Structures are given as C-alpha cells and as structure tokens.
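Here is how the chains run, residue by residue.
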Amino acid sequence: TEASYWLCATTIMLRSACVVYLLFIIPAEILDFLWIYILVWSINTLCVLAYLLSGQNNLLLNLQAVGWLLAVPIGSVVLGSRAVSPTVATRLPELIISFVVFIYILGLFKEMVLIMNKCLYAVRTCTGGSHSIAMRHHNQMIRKCFLYFQAHQMEMVQAYIILIVNTLVSVLLLLVDRLICNMHTWWLLNREMGRMEFDGQYLAKSPPKIESDH
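The text that follows walks through the structure, step by step, so that each part is easy to find. (Residues numbered from 1 in each chain as written. Predicted model: local features only at pLDDT ≥ 70, side-chain atom pairs only at ≥ 80, totals over all residues. Heavy atoms only, no water.)

1. Here's the deal with the packing of helix α6 (residues 88-126) against helix α7 (residues 131-148)
How two helices sit against one another is set out by the angle between their axes and by the gap between those axes. What counts is decided by this rule: Only the stretch in contact is used when a helix axis is fitted, and all axes are lines through C-alpha atoms; the angle between N-to-C directions ranges over 0 to 180 degrees. Secondary structure elements follow DSSP: runs of H or I no shorter than four residues count as helices, runs of E no shorter than two count as strands, and numbering proceeds from the N terminus. What sets the label is the angle itself: under 35 degrees gives roughly parallel, over 145 gives roughly antiparallel, 65 to 115 gives roughly perpendicular, and the rest give oblique. Here, residues are in contact when the closest pair of their heavy atoms is within 4.5 Å. Under this grouping Gly is polar, as are all residues other than the nonpolar Ala, Val, Leu, Ile, Met, Phe, Trp, Tyr, Cys and Pro and the charged Asp, Glu, Lys and Arg.
Where α6 meets α7, the axes come as close as 10 Å, and the angle between the chain directions of the two elements is 175 degrees. Viewed along their axes, α6 and α7 adopt a mutual orientation that is roughly antiparallel. Between α6 and α7, the contacting residues are Lys110, Val113, Leu114, Asn117, Lys118, Tyr121, Arg124 and Thr125 on the first element and His131, Ile133, Ala134, Met135, His137, His138, Met141, Ile142, Cys145 and Phe146 on the second. Looking at the contact of α6 with α7 residue by residue, the class counts come to 10 nonpolar, five polar and three charged.

Following this line, the structure appears as structure tokens:
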C-alpha cells in the first residue's frame, strides 16, 4: 500500500492481462473446477466474519485450512461424479491447476480493493478528514483484505510447510549422524570435529571475558 498509484495501477493491469490470458488458454473443463473453490471460499468468508465478530478466536481462523481440505468432498456436490471420476488422483492435476488460478484471481481482487482503499484514504485526508481516524480505517481495511482474500491463511500454510520440512530434515540429519558414524558432521565441518565427543557445553552461556578474568 506504500507503493505509488502508478505502480499499483500497473500491477493491476498486468495481473488482469495474465488472468485473461489464463482464461483463454486453460480448457473450460478445468475452469469448471473453479466453482468448487468459489464455494469453499464463501464458507471461509463466513469463518473470517465469525473470527472478527467473536474477538478474533484463532480456532475459527485455523478452521479455514480444514475448509480447503474439504474441496474434494464439496466437489462431488458441485460437479457430481465428474469431480472424482474415475479417481481423485486422476483429477488431481485439474484440481491443482484450478486452485492456482483461483488464488491468482483472489490476489487480483485483493490488489483492486487495496488500491481503492488507498484512494479513499487520500480523499479523506485531502478533504479535511482526521488523519488518525483515516489511517486507522485504512489499516483495518488492509487487515481485512488479507483475511478475506486468504493471503494471511496462505502465509500460515507456507509457514507450517516450512516448519514441517525443517523438522523432517533435522530428524534425518540426526539419524545420519547417529547411525552412519557422524557422516553429516564430518562432511559439513571436518573429520576432527566429527570425531569429537559431545561434552554437554553446546550453546552454554559463558561469562564475558572481563568477568571471567577476575
């Protein structure tokens, strides 16, 4: 929102052109799956509204991730047997492509709302309105945009994925060090370091040198 109006308008035009291009090149059979995510997003919108009205209960915010996982069962209601026929694995590419397109379109709508919010803030401040009140409403609208258009939820999912991947990699490297003669430590540092035994002082806090001298 701190970007210039020209940059915001250019971004919206470019993203709009990309959306039109995607709608032209992607077959209609795949775009039909967009209705599944439109329905799921509508349900998540109600969860966001309940989240904002209920004192910002994080349980309602996390329930939206479950809502996206229900896309396949909801797809059977929206598109019938076509959504899962012959198998879900067979339809997985269509589900993924349509989901990416849907998220991209949501991002475009979010940018449109944000630039309108930016213009509204400028009008209110230029016509003698209170800067503090206008700024508070401006920031509230930005926050709601990130919630309603699922940007915050997508960032949460990315954070969870990174956390899980980091944990799995750490466990794997721990097993490699434990079972294969400290191979990872030897490769990452050196052979002598790999042979050193753990003395229980790793990351232990030591007093400053000035104090330790006394």
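There is more to say after this.
2. Regarding the layout of surface pockets
We count it as follows: With a 1 Å grid laid over protein atoms only, a set of points is called a cavity when a 1.4 Å probe fits there but cannot get out and a pocket when it is open yet has protein on both sides within 12 Å along at least five of seven lines; lining residues have an atom within 4 Å of a point. Grid points are joined across faces, edges and corners, and a volume is the space filled by probe spheres set on the points.
Considered as a void within the structure, the second largest pocket measures approximately 310 Å³ in volume. Around the second largest pocket, the lining residues are Tyr37, Ala65, Trp68, Leu69, Ala71, Val72, Leu92, Leu95, Ile96, Phe99, Met154 and Val157. Sorting the residues of the lining of the second largest pocket by element identifies α4 (58-69), α5 (71-78), α6 and α8 (151-179) as the ones contributing at least two each. Per-element accounting of the lining of the second largest pocket gives the leading share, four residues, to α6. Grouping the constituent residues of the lining of the second largest pocket by class yields 12 nonpolar, no polar and no charged.

3. Describing the nonpolar core
Filter applied, for reference: Only buried Ala, Val, Leu, Ile, Met, Phe, Trp, Tyr and Cys residues count toward a nonpolar core, and they belong to the same one when joined by side-chain atoms within 4.5 Å. For every residue, the accessible area (1.4 Å probe, protein chains only) is compared with the maximum for its type, and the residue is labelled buried under 20%, exposed over 50%, or partly exposed between those bounds.
Ranked by size, the top nonpolar core spans 28 residues in total, and within it Phe33, Ile36, Tyr37, Trp68 and Phe102 carry the most contacts. Elements represented by at least two residues in this core include exactly α1 (5-25), α2 (28-31), α3 (34-53), α5, α6 and α7. Among the elements that make up this core, the one with the highest residue count is α6 (eight residues). Discounting chain neighbours no more than four positions away, the residues touching Ile36 are Ala71, Gly75, Val78, Leu79 and Leu95. Judged by nonpolar contacts, the second largest core, of five residues, contains Val48, Leu61, Leu147 and Met156.

4. A few points about the environment of Ala65
Take Ala65: it is sitting in helix α4. The spatial distance from the C-alpha of Ala65 to the C-alpha of Met154 is 8.9 Å, given a sequence separation of 89 residues.

5. Examining the packing of aromatic side chains
Within a pair of aromatic rings, the relevant descriptors are the distance that separates the centres and the angle that separates the planes. Stated precisely, the cut-off is as follows: Here a pair means two rings of Phe, Tyr or Trp (six-membered ring of Trp) with centres within 6.5 Å. Their orientation is stacked below 30 degrees between planes, edge-to-face above 60, and tilted elsewhere. Working rule: Lys NZ or Arg CZ, within 6 Å of ring centre, within 35 degrees of ring normal, means a charge sits over the ring.
Within this structure, the stated rule accounts for six aromatic pairs. Seen in terms of ring centroids, Tyr37 and Trp68 are 6.2 Å apart; in terms of plane orientation they differ by 35 degrees. Their pairing is tilted. Highlighted residues: Tyr37 in helix α3 and Trp68 in helix α4, separated in sequence by 31 residues. Both residues of the pair, Tyr37 and Trp68, belong to the buried class. The interplanar angle of 20 degrees and the centroid separation of 6.4 Å between the aromatic rings of Trp41 and Phe149 together place this pair among those described as stacked. Of this pair, Trp41 sits in helix α3 while Phe149 sits in the loop between α7 and α8, and the two are 108 residues apart along the sequence. Just above the ring of Tyr104 sits the side chain of Arg15; from NZ or CZ to the centre is 4.5 Å. The ring of Phe146 carries Lys110 above its face, with NZ or CZ at 4.5 Å from the centroid.

6. Describing α4
Short version of the rule: Directions are taken from the helix axis to each C-beta atom, and the arc is the one they span.
All of the buried residues along α4 are Leu61, Gln64, Gly67 and Trp68. In an axial view of α4, the angular spread of the buried residues amounts to 90 degrees, which keeps them on one side of the axis. Along α4, exposed side chains directed more than 90 degrees from the buried face belong to Leu59 and Leu69. Where α4 is buried, its residues touch α3, α5, α6, α7 and α8.

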